[in-house]
Amino acid sequence: MRARKDGLFNKQVLEVMCVASNEWIIDCKSEDKIVLECNQEKFKAYQILNLDSPKENLEIRVSKGSCEHNMILPLRNKIKIVVNTLNINKLGIIGHEGLNKQHQVLGNVDEFKYQNNNMVLIRGWIGDSFYTIKDIYLCFTNEDGKCVFEKSVTRRYRMDLVETLKDTKYLYSGFINMVEYQSGSDLKVEAICYTPDKMNSIELGMLKKNIDDVNVCDIHIIDSKKYTVEDKYLEIRNTPSVLECYDFIDEISDNLVLYITHSFGGGADLYLRKKAEDMIHNGQSVYQVVYQPDFHQYELINMKDDVHYYFDDINILLYLVSLKAQHIYFNELVSYPNIKGLINTVHNIKLIHPHIQLTYLVHDYFCICPRLNLINVNDRYCGLPEVKDCDICLNSTNFDQSKSIVDWRSLNAKLLNTCDEIICFSNSSKKYLVRVYQNLSHKIKVIGHVIDELRVPKVENDNIITIGLLGQLCKHKGMEEVKELIQYIHNNQLSKYRIVCIGDAQDVRNDSVFFATGKYRREDIANLVEEYNIDVFFMSSVCPETFSYTISEIQSMKRPLISYDLGAQGERTKNYKLGKVIPLNAKPDILLDAINELCEGDMLNG
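Computed from a predicted model, the values in this text were never measured in an experiment.

Asks: Could you give me a rundown of the overall build of the protein chain, with the residues and numbers involved?
Replies: Counting its regular elements, the protein chain contains 14 helices and 30 strands. Expressed as a percentage of the 606 residues in the protein chain, the buried residues total 51%. For the protein chain, the proportion of contacts with a sequence separation of at least 24, taken over those separated by at least 6, is 68%. Surface summary for the protein chain: the accessible area is close to 29,300 Å², and the carbon and sulfur share equals 46%.

Shown next as structure tokens:
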């Protein structure tokens, strides 16, 4: 067996000694990427030994890139590798010719700022135009061009890049780090990521030498965080007791209301802000705790006075706040890194403070499945299948807090049983919840959202039927179904139809049939309906909604509406006099027939 060493400018053949059907020795002499390819199945290495220096620890980087069956090992030693499969018929090396993709590195340094003489804050992002990156490294190179230190860093959440570049592969491409160092020479700092055929890098800046001894080079990378409550009120760094935090307890309000939520915005955030505004108006003290993925911290916000506190530990935060709380709402737990620990803490708090009212708000189906929209790995509505099918789906995701749907639901049952009430925003949501948690029916209340109504736009009757979509168009909002509809209109030369999306559309280009307006303000919706003369709205979501603010907005404008017979959108559309539902898998011709029927009825009534 032979392997090719894949450098950026040269390629040469390396000898590979096959020790067993799952074990090889590869003689690496310089730092180049060895790409092992298995044509049978996904695999991983469970043992990699440095044969040149057995006592020296190898920092191995493993990445799958976008190829299912390969492994990238940047090494400079003779190594022995053992993989976890015996089913490899052939194992070789992919070089540039094997992955001849036209792609390039993307990235930027947002901040390279000295905090003092030996500490620098580095913030930026790096990605690839073709592959989703799996790891980010900071590399430090001296004046001789030698890498003196390299370490993987935590990938940070960057929704701004997803929105700007219209691609979810950049979601975790950011980094924020403090670099503490002492060096007798200047050091170039680069961010690095690996794809199956090359190494990507961007230069971030230069660390200036800060001591005279050229032989000294000491570098420490620290995840950047906000100043924490634990730091502010405690002299010790270990877990504090409640008694040690009396100063903080004195600062927060009595009889407070706490919302536990995420940082992703959307309908859940809109609901929280409206409720908080009403409570504050009535003299209540309202706080929210938000998990901030960028800093791996929990931010506690006094929503009246806009005072912010930062915690490293959610358990400490909850135990302290519970001393002053009268009501805790679970608004959104998506993105929280330790759901089990949080639920156990809440359970203990309820035992200690039984007077605290606990309310769970069903904004999505996260308590039923970590895939919170009930969309499976094939991007289709799952319909809550059997447990074995759920486990197959769950194990194919990168969700690492549970690989068993039974364990996940048992954990969430503990939280739901601890709560005093569960609020659903539609009867459809209640049915889903009761289907999984049969003994919770008595705790569930159905209370729909109340929104400020939009004005009724004036739409002219013309020879074009303009189908409106409201909100961001992505996969779980029916992107593929809309693309199929567009293609059907083109193929059949149906010139009387056009589609206007009020919002952004992922992976759908504007053409003679389709147009996306981009971001919009809520107060401009009625104006946009008039500007584009929208006759009928299509609620294209292919996942069961729990309420849908979008439907409320469409109904308040008294526009005809069609949706799939699914979730809250189906329930609410059927109860709307200008609404019509169609089966989830309805083809474009069925959809257009329903649209024609709605439009004709609207014209007759108009």
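Back to the text.
Asks: Now, about the packing of aromatic side chains: what can you tell me, with residues and values included?
Replies: Going through the model one piece at a time under the given rule, you end up with 15 aromatic pairs. Taking 5.9 Å as the distance between ring centres and 35 degrees as the angle between the ring planes, the aromatic pair formed by Tyr298 and Tyr336 counts as tilted. Taken as a pair, Tyr298 in strand S19 (residues 297-302) and Tyr336 in the loop between strand S21 (325-330) and helix H6 (339-352) lie far apart in primary sequence, 38 residues in all. When sorted by exposure, Tyr298 lands in the same class as Tyr336, which is buried. Ring centres of Tyr365 and Tyr432 lie 5.1 Å apart, and the angle between their planes is 55 degrees; on these two criteria the pair is classed as tilted.

Asks: Describe the packing of helix H9 (residues 427-436) against helix H13 (residues 567-574), and please don't skip the residues or the numbers.
Replies: As a packed pair, H9 and H13 sit with axes 7 Å apart at the nearest point and diverge in direction by 140 degrees. As the angle between them shows, H9 and H13 are arranged oblique. You can see that H9 and H13 cross each other, and the crossing is right-handed. Counting all contacts with H9, which are made through Asn427, Ser428 and Tyr432, the residues of H13 involved are Gly567, Ala568 and Glu571. Considered class by class, the residues forming the contact of H9 with H13 number two nonpolar, three polar and one charged.

Asks: Give a description of the pattern of salt bridges that names residues and reports values.
Replies: Side-chain pairing between opposite charges can occur once the charged atoms of the two side chains come close. Under the defined criterion, the tally for this structure stands at 20 salt bridges. For Lys388, the salt bridge is made with Asp389, and the minimal N-O distance between the two is 3.5 Å. Its relative accessible area of 53% is what places Lys388 among the exposed residues. Taking the relative accessible area as the measure of exposure, Asp389 reaches 33% and is therefore partly exposed.

Asks: Give a description of H13 that names residues and reports values.
Replies: One full turn of an α-helix is made of 3.6 residues, so residues set three or four places apart face in the same direction. Counting buried positions over the eight residues of H13 gives six, a clear majority of the element. Listed in full, the buried residues belonging to H13 are Gly567, Ala568, Gln569, Gly570, Arg572 and Thr573. As for H13, its buried residues are in contact with H9, strand S28 (536-539), helix H12 (549-556), strand S29 (561-564) and strand S30 (579-582).

Asks: Describe in detail the packing of helix H7 (residues 387-395) against helix H8 (residues 405-418), supporting the description with residues and values.
Replies: Put simply, H7 and H8 touch, their axes get as near as 8 Å, and they point 95 degrees apart. Taken together, the axes of H7 and H8 are roughly perpendicular relative to one another. Along the contact surface, H7 presents Val387, Cys390, Asp391 and Leu394, while H8 presents Ile405, Val406 and Arg409. By residue class, the composition of the contact of H7 with H8 is five nonpolar, no polar and two charged.

Asks: So, the nonpolar core: which residues are in play, and what are the values?
Replies: Grouped together as the largest cluster of nonpolar side chains are 93 residues, with contacts concentrated most on Leu258, Leu300, Phe330, Ile368, Ile467 and Phe514. Non-local contacts of Phe514, meaning those with residues more than four positions away in its chain, are made with Leu469, Leu473, Val482, Ile486, Ile499, Cys501, Ala505, Val508 and Arg509. One finds Leu138, Val153, Tyr181 and Ile202 within the second-largest nonpolar core, a separate group that totals 20 residues.

Asks: Quick rundown of the confidence of the model for the protein chain? Include the residues and the values.
Replies: Per-residue confidence for the protein chain gives a mean pLDDT of 82, with 77% of residues at or over 70. Scored below 50 in pLDDT, residues 55-75 shows 77 contacts in the model against residues more than four places distant or in partner chains. This model gives residues 88-101 a pLDDT under 50, and the stretch forms 44 contacts once residues within four places in sequence are excluded.

Asks: Which residues make up the sheet that holds strand S23 (residues 421-424), and what values go with them?
Replies: Strand pairing in a sheet is mediated by backbone hydrogen bonds. Such pairs are either parallel or antiparallel. With respect to topology, eight strands assemble into an open sheet ordered S20-S19-S18-S17-S21-S22-S23-S24, the strand pairing being mixed. The strands lining the two open edges of the sheet, one partner per strand, are strand S20 (307-311) and strand S24 (444-446). Between one strand axis and the next, the sheet turns through 25 degrees on average, direction left out of account. One ladder, built from six bridges, connects strand S18 (residues 286-292) with S19; its direction is antiparallel. Among the inter-strand pairings, Val290 is bridged to a residue of S19, identified as Glu299.

Asks: Tell me about H6, and name the residues and values.
Replies: When the terminal C-alpha atoms of H6 are compared, their 20 Å separation across 14 residues agrees well with the 20 Å that a helix rising 1.5 Å per residue should span. Where H6 is buried, its residues touch helix H5 (314-321), S21, strand S22 (357-361) and H8.

Asks: Could you give me a rundown of unusual backbone geometry, with the residues and numbers involved?
Replies: Phi at Asn255 is positive, roughly 50 degrees, even though this residue is not glycine. By secondary structure assignment, the location of Asn255 is in the loop between helix H3 (246-251) and strand S17 (256-261). Relative accessible area serves as the criterion here: at 52%, Asn255 is assigned to the exposed category. Even without a glycine there, the phi angle at Ser548 is positive, about 90 degrees. If you trace the backbone, Ser548 turns up in the loop between S28 and H12. For Ser548, a relative accessible area of 8% gives the class buried.

Asks: Give me the pairing of S19: which residues, what numbers.
Replies: Within S19, six of the six residues are buried, which leaves the element mostly enclosed by the surrounding structure. Residue alternation in S19 divides its side chains into two sets, Gln297, Glu299 and Ile301 and Tyr298, Leu300 and Asn302, and both sets are buried. Across five bridges, S19 lies against S20 in antiparallel orientation. Note on S20: the bridge partner recorded for Leu300 is Tyr309. Adjacent in sequence and paired antiparallel, S19 and S20 are bridged by four residues, among which Asp306 carries a positive phi angle near 55 degrees.

Asks: Now, about the environment of Met206: what can you tell me, with residues and values included?
Replies: Assignment of secondary structure puts Met206 in strand S15 (residues 198-207). The sequence separation of Met206 and Asp186 amounts to 20 residues, and the corresponding C-alpha distance is 6.7 Å.

Asks: So what's going on with the sheet that holds S15? Residues and values would help.
Replies: The four strands lie next to each other as S12-S11-S14-S15, forming an open sheet whose pairing is antiparallel. Of all the strands in the sheet, the pair left with one neighbour each is strand S12 (147-153) and S15. Between one strand and the next, the sheet's axes are offset by a mean angle of 25 degrees, whatever the strand orientation. Inspection of the sheet shows strand S11 (residues 136-141) paired to S12 by six bridges, in the antiparallel sense. Of the residues in S12, the one forming a bridge with Ile136 is Val153.

Asks: So, the side chain of Gln555: which residues are in play, and what are the values?
Replies: Inspection of the secondary structure puts Gln555 in helix H12. Residues within four places of Gln555 in sequence aside, it is in contact with Leu561, Arg572 and Tyr576.

Parameters and conventions
- Residues numbered from 1 in each chain as written.
- Predicted model: local features only at pLDDT ≥ 70, side-chain atom pairs only at ≥ 80, totals over all residues.
- Heavy atoms only, no water.
- Helix = DSSP H or I, 4+ residues; strand = E, 2+ residues; numbered from the N terminus.
- Buried < 20%, exposed > 50% of the residue type's maximum accessible area, 1.4 Å probe, protein only.
- Contact = heavy atoms within 4.5 Å.
- Areas by Shrake-Rupley, 256 points an atom, 1.4 Å probe, with all protein chains shown as cover.
- Phe/Tyr/Trp six-rings, centres within 6.5 Å; stacked < 30°, edge-to-face > 60°.
- Axes fitted to C-alpha atoms, helices over the stretch in contact; angles between N-to-C directions.
- Parallel < 35°, antiparallel > 145°, perpendicular 65-115°, else oblique.
- Left-handed = near helix turned anticlockwise from the far one by under 90°.
- Nonpolar A, V, L, I, M, F, W, Y, C, P; charged D, E, K, R; others polar.
- Salt bridge = Lys/Arg side-chain N within 4 Å of Asp/Glu carboxyl O.
- Core = buried A, V, L, I, M, F, W, Y, C linked by side-chain atoms within 4.5 Å.
- pLDDT = per-residue confidence, 0-100.
- Pairing = 2+ DSSP bridges.
- Expected span 1.5 Å × (residues − 1).

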